[in-house]
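Now for the letters of each chain:
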Amino acid sequence: MKAYVSAVINENLEVRGFSKKVNKMLLEWHRDAENRSIFVESGAGWMLQLDNQLPVTLQKGKSYRIERGVYHRLIKENTCSDLLLVIKKS
């Protein structure tokens, strides 16, 4: 079971949504095979944590860079809203 629903726009662009009701256990540490920029379209109460770094709060309208091969995860706070991300592979 995935923690999100997604719509692939093209080979380099994807829209991904996370429900505020998602089980926190599904938000696992993982790494990707390509560099990514994620843009926060909407949502509040979510954090991004990169390997060996403290979590940062995701802010609507901001982009975040995740380098290929870097372990990372999403963290949801108790009072969060649904999260919608636009992911661009580069």
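This report concerns the structure included in the present document. Fair warning: this is a prediction, and the values are worked out from it, not measured in the lab.

Strand order across the open sheet formed by five strands is S1-S2-S8-S3-S6, with antiparallel pairing between neighbours. Only two strands of the sheet have a single partner each, and these edge strands are strand S1 (5-10) and strand S6 (63-66). Averaged over all neighbouring strand pairs, the angle between strand axes comes to 25°, with direction disregarded. Looking at chain direction, strand S2 (residues 13-18) and strand S8 (residues 83-89) are connected through six bridges and run antiparallel. Each residue of the ladder has a partner; that of Leu-13, found in S8, is Lys-88.

This part takes up the pairing of S2. As paired strands, S1 and S2 are joined by five bridges and run antiparallel to one another. Paired with Ala-7 across the bridge in S2 is Val-15.

Now for the sheet that holds strand S7 (residues 72-76). Strand pairing in a sheet takes place through backbone hydrogen bonds and is either antiparallel or parallel in direction. Across the sheet, three strands lie side by side as S5-S4-S7; this open sheet has antiparallel pairing. Because the sheet does not close on itself, it has two edges, and the strands there are strand S5 (56-57) and S7. In this sheet, S5 lies alongside strand S4 (residues 46-50) in antiparallel orientation, the contact comprising two bridges. Bridge pairing links Met-47 to Thr-57 in S5.

So, how was this worked out
Residues numbered from 1 in each chain as written. Predicted model: local features only at pLDDT ≥ 70, side-chain atom pairs only at ≥ 80, totals over all residues. Heavy atoms only, no water. Pairing = 2+ DSSP bridges. Helix = DSSP H or I, 4+ residues; strand = E, 2+ residues; numbered from the N terminus. Axes fitted to C-alpha atoms, helices over the stretch in contact; angles between N-to-C directions.

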